[in-house]
Amino acid sequence: MNQRIFTGLLVLAAVVASVAYIWQPWSAGTEGSLKLGLDLQGGLRVVLQSEIDEPDPQDLQTARNIVENRINEFGVSEPLIQTSGGNRIVVELPGLTTEDQDRALELIGQQAILEFALVRPQSEGLATSQMTREDLEDVAFTGEIIRTASADFERVGTTSLGPAVFFEILPAFTRDFGDFTGSNTGRRMAIVLDGRIITAPTLQSRISDQGQITGITSLEEATDIALVLRSGSLPINLTVQEVRAIGPTLGADSIDAGRVAAIVGAVAVALAVLLIYGPLFGGVLAVGVIIAMTFVFGILAGLGAALTLPGLAGLVLTIGAAVDGNVISFERIKEELVDGRGIRLAMKQGFANSLSAILDANATTLLAAATLYQYTSGPVRGFAITLAIGIVAAVVVNTIVVPWLLDVLTLRIKRHRIPPLFGIRTIRFRFVERAGTVLIASGVLFAGAIGVVAIKGLSFSTDFTGGTSILLQQDNDFDVSAVRGAIDTLNYDGVNGESATVVPVIDDTIDGSLVSVRVGLTENEEVASSFPSDLASALDANLLQSDFVGPAVGADLRQSAITAVAVALALILLYVGWRFWPTWIVAISAIAAAVHDVGITLGLIDLLGAEFSIPVLAAMLFVVGYSLNDSIVIADRIRENLKRTRDRTYTQTVNLSVNQTLSRTFITSGTTLLPVLALLLFGGSVLRDFSLTLLIGIGIGTYSSVFILAPSIVWFHRQRAKRRPAA
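Just so it is clear, the model here is predicted, and its values are computed rather than measured.

Student: Would you mind going over the overall build of the protein with me for this structure?
Tutor: For the protein, the count of helices and strands is 22 helices and 19 strands. With the C-alpha coordinates aligned to their principal axes, the bounding extent of the protein is approximately 110 × 60 × 55 Å. Counting only residues that meet the buried cut, the protein has 52% of its 727 residues in that class. Excluding contacts between residues fewer than 6 apart, the proportion of contacts in the protein whose partners are at least 24 apart in sequence is 79%. Accessible surface for the protein amounts to roughly 32000 Å². Of this, 57% is attributable to carbon and sulfur atoms. A gap of 22 Å separates the mean positions of the 51 positive and 68 negative side-chain charges of the protein.

Student: What should I look at first to understand the packing of aromatic side chains in this one?
Tutor: Pairs of aromatic rings are described using the distance from one ring centre to the other and the angle between the two planes. Considering all chains together, one arrives at 10 aromatic pairs under this definition. Summarising the aromatic geometry, the rings of Phe-141 and Phe-180 are spaced 5.5 Å apart at their centres and angled 70 degrees between planes, so their arrangement reads as edge-to-face. Separated by 39 residues along the polypeptide, Phe-141 in strand β6 (residues 136–142) and Phe-180 in helix α5 (residues 171–183) bring together distant segments of the chain. Taken as a pair, Phe-141 and Phe-180 share a single burial class, namely buried. Taking the centre distance of 5.2 Å and the plane angle of 75 degrees together, the rings of Tyr-277 and Phe-330 count as edge-to-face.

Student: How should I be thinking about the sheet that holds strand β9 (residues 189–193) in this particular structure?
Tutor: The strands making up a sheet associate through hydrogen bonds between their backbones, and the pairing can be parallel or antiparallel. Read across the open sheet, the 4 strands follow the order β6-β5-β9-β10; overall the sheet is antiparallel. Two strands in the sheet have a free side with no partner beyond their single neighbour: β6 and β10 (196–199). In this sheet, neighbouring strand axes are inclined to one another by 40 degrees on average, regardless of whether the strands run parallel or antiparallel. Where strand β5 (residues 114–119) lies against β6, 4 bridges are found, and the strand directions are antiparallel. From the neighbouring strand, Val-119 faces β6, where its bridge partner is Leu-136. Against the sheet, α5 touches β5, β6 and β9, its axis set at about 155 degrees to β6.

Student: How should I be thinking about the side chain of Arg-88 in this particular structure?
Tutor: With respect to the secondary-structure elements, Arg-88 resides in strand β4 (residues 88–94). Judged by its relative accessible area of 14%, Arg-88 is buried. Among the polar contacts listed, one links the side chain of Arg-88 to the side chain of Gln-49, at a separation of 2.7 Å. Beyond its immediate chain neighbours, meaning those up to four positions away, Arg-88 contacts Val-47, Leu-48, Gln-49, Leu-60, Gln-82, Thr-83, Ala-552, Val-553 and Asp-556.

Student: Mind showing me how you'd approach the pairing of strand β3 (residues 80–84) here?
Tutor: Remark: a regular strand shows side chains that alternate across the two faces of the sheet. Bridge analysis of β3 against β4 gives 5 bridges, and the strand direction is antiparallel. The residue of β4 that forms the bridge with Ser-84 is Arg-88. Hairpin remark: β3 followed by β4, antiparallel, with 3 residues in the connecting loop; positive phi at Gly-85, about 70 degrees.

Student: Sorry, what's going on with the pattern of salt bridges here?
Tutor: Side chains that differ in sign of charge can pair as their charged atoms come close. Enumeration according to the criterion identifies 14 salt bridges in this entry. Here Glu-331 ties to Lys-334 by a salt bridge, and the two come within 2.9 Å at their closest N and O atoms. With Glu-331 and Lys-334 both in helix α8 (residues 309–338) and 3 residues apart, this pair spans about one turn of that helix. Residue classification places Glu-331 among the buried positions, given a relative accessible area of 4%. Overlapping salt bridges bring together Arg-4, Arg-344 and Asp-407 as one network.

Student: Looking at this structure, how should I read the sheet that holds strand β7 (residues 146–156)?
Tutor: Strands sit in the order β7-β8-β11 across an open sheet of 3 strands; the sheet is antiparallel. The open sheet has two edge strands with one neighbour each: β7 and β11 (210–213). If you compare each strand with its neighbour and ignore which way they point, the axes differ by 30 degrees on average. As paired elements, β7 and strand β8 (residues 159–169) share 10 bridges and run antiparallel to each other. Note on β8: the bridge partner recorded for Ala-149 is Phe-167.

The rules we used
Along each chain, residue indices are assigned from 1 in the same order as the chain's sequence is written. Only residues with pLDDT of at least 70 are given local features in this predicted model, and only at 80 or more are side-chain atom pairs given and counted; all residues enter the totals for whole chains, interfaces and linings. Calculated side-chain values reflect all of the structure's heavy atoms, with hydrogen atoms and water omitted. A helix here means a DSSP run of H or I that spans at least four residues, while a strand means a run of E at least two residues long, and both kinds are numbered starting from the N terminus. Relative accessibility under 20% of the residue-type maximum defines a buried residue, over 50% an exposed one, and the middle range a partly exposed one, all with a 1.4 Å probe and only protein chains included. Contact criterion: two residues are considered in contact whenever any of their non-hydrogen atoms come within 4.5 Å of each other. Calculation of accessible area relied on Shrake-Rupley with a 1.4 Å probe; when residues are assessed, cover is drawn exclusively from the protein chains displayed. Counting rule applied: Lys, Arg positive; Asp, Glu negative; His and chain ends not counted. Taken as the charge location is NZ of Lys, CZ of Arg, CG of Asp or CD of Glu. For this analysis, a ring pair means two rings from Phe, Tyr or Trp (six-membered ring only for Trp) whose centres lie within 6.5 Å, classed as stacked if their planes differ by under 30 degrees, edge-to-face if by over 60, and tilted for the remaining angles. Whether two strands pair depends on DSSP finding at least two bridges between them. Axis definition: a line fitted to C-alpha atoms, limited for helices to the stretch in contact. Angles are taken between N-to-C directions and run from 0 to 180 degrees. Under the rule applied, a polar contact is a pair of N or O atoms within 3.5 Å (in protein, one hydrogen donor and one hydrogen acceptor; residues adjacent in sequence only if both atoms are side-chain atoms). Any carboxyl oxygen of Asp or Glu within 4 Å of a side-chain nitrogen of Lys or Arg constitutes a salt bridge here.

Spelled out as C-alpha cells, the structure:
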C-alpha cells in the first residue's frame, strides 16, 4: 500500500467517523447529537456560594446533592449541578421558560429549614401576617421529623378551602410530636420556613403521624414547599452570587442569527478563494474548509461538548484559520509556479516550505485558546473549546487533507493554468525605508487610544462590575423615561430609575424593540431573583435575558481576566522566543506589535461605545493571537531568507520578506474579515461588540505586521550591531 492510498484511507476514516458522531445512528434519542449551550437553547445558570469561606467538603457535597434532588423533582432535562472552588455550587438548567426560571431560582438556593414553635400567650390574638419571631416560643421541632410531603387542596367534603402541604412524620418522632401537640391543645402553633411564618393554626387535637400546612396562596407555592421539605434542608447557608437567565426566544433567535452568519461567511469565503485561486486550488480549499467544519462538529459531538453562542463565533473564525494555512501554502506554490516549475514539483516545495509557518502561526492562537479555557467559564469557555478544536482541525486539513486532494487531482495534469490573481508577481515596496512617518503616526494613534481609555474609561459589563443586567423586548418602542419610572414604581431597596443605565438596543434579528437595563450591586437579594421578571411585567414586555453577578464572582472574573491576559502573553512570548532563538528580537518585535494592536483596538471600541465583557476579552486575546500569527509568518520568511540570501543587506532581506508575504497577509485578512463581517451584520446584538472588536483588531493587526514588525526588527538589529564594537 503506497502512501497516497494510506493517506486517503485515513482521511476517509476521519470523515466517516465525524459524520457518524454527528449523526449517531446508535443513539435511541430523538434529540440532536450536538448539545447546545444555555445561551442558544435558553435556560438558567446559577452560582451559589457558601457564607463560610471554607465549608466542610462533606457539607458542600451534601448541599450539592440536595440541590440536585430538588432539580430532579422539578423535572429539568439534563441539568448540570457541580461543586466549584471549594465553596460554590454551579447549577445549569437548560430549556426553561422564563416563568420556570423564576421558580427554579427560588427553589434551588432555599435553605428549607422548617420549624414548629408555639405562639406566646400574649400574641395569640395576632394575625399570622402580623407575627414575628419575637411572638414565638423556642423551637420545639424542626424539619428533620418530616418523612414526606405533598401538595394538594384542603377540602371539607366537596368544598375546597385552598392549597395546603400535607406531611407525614417519621415513626421515630410520632410519639414525641403527639405528646407535644396533645399537651398544648387549644394553643396556636406556628409553622416557620426559612424564618417566614407560613401559618399559625390552633391545635384542635393530638397530632402524631401526619399534619398539614395551610395559609399558602397558590398550589404552585405549596408544590415548591413540599418539594424542599422532601429533599431536606441545606447543611450550609448559600447565597446567590451569579445568575444568568436566557429566555428560549432569545436562544432560538441566536441560533438563527449564528446560522445565517456562518452560512453567509462561508459562502463569501468560498467565492473569494475561487476567484483568487481558480477552480482547482480554490475548489480544493473550499472542500478543505467543509471537511474542517465536519471534523469540528464531529469532535464536539463525540466529546459531548455544548455549542455556545461564542462557540458559533469560534466556528466562523475556524473558517478563517482553515483558509489561512492553505493561503500560506498556496502563496509558496505560486512562487514556485511563477519561477517555471511544474505543478507537482511546485506543490511539493510549497507545502514543505510552508509547514513551519503554519504550525508556528496556529500555535499562538492555540495558546490563547488554552488560556481562555483555563481562566474563564460559561459560554466563553465554549468559545475556547470550539476555537481550539477548530485550530487543530484546520492544521490537519492544511497539512494532510488538502495536499492529498491536490496530489490526487493533479496526477494527470502536466501544466496548470495560473489564475490572473494567482499569478501576480511579488510587489517590490520598500517598507522599512518609508516606515518612519508611519511609525510616528502609529505612535500618535496608540497614545491617543490609550488616552481615550485613561480619560473616558472602558465601559465594563456586569461581568466585571457586578450588578444586574436585563434585556427586554416588546412590540412598541420603549420610552426610556417610562422604563425609569417603572423601576421606581417597583420600589426595590437600593434600586432607582435615576441611577439605572437604560439603553435602547438595535437588533434586526429580533422582532420588536429592545432595551437594556443595568443596575448596580445592592444588598437586596430580591434584585437577583425577582426584579427582572417584575420589571418585565410592569412594562408589559418579554424578558429575553437577565444576568446577575455578585461581588465575589465579579472580583473573581476581574482577577481571571488579568491572569488570562498575562499568562497568554507570557506563553506566547516564550513560544515565539524559543522558536526563533537566537534571533530573540523577532519575539520582542512581535509582542510590541501585538501591544500596539491591543491598545488601538481598546481605544477604538471605547470610542464606539462597545461594552467590555468576557466575550470581548476573548476577542481581544484572539486579536493577540492573530496579530502574532501574521508576525510569525513574516518572521519565518525573514529567518529563511537570511539563511538563503547572502548578497543583500539585513534591511533589504526584511523588505524582501515582507513583500513576499504581502499577498498572503492581505488574502488571509480579507478571508478572515469576511466571516467576521457576517457576524457583525447578521449575528445580532449579543455578538455585536465581540464582532466589532475582532473586525478592528484584525484590521489593525494586518497593518502592524507590515508597518510595525519589520521596522522594529531592523531597529533592534541596528542597535545590537552598534553595541558589538564597544563590547
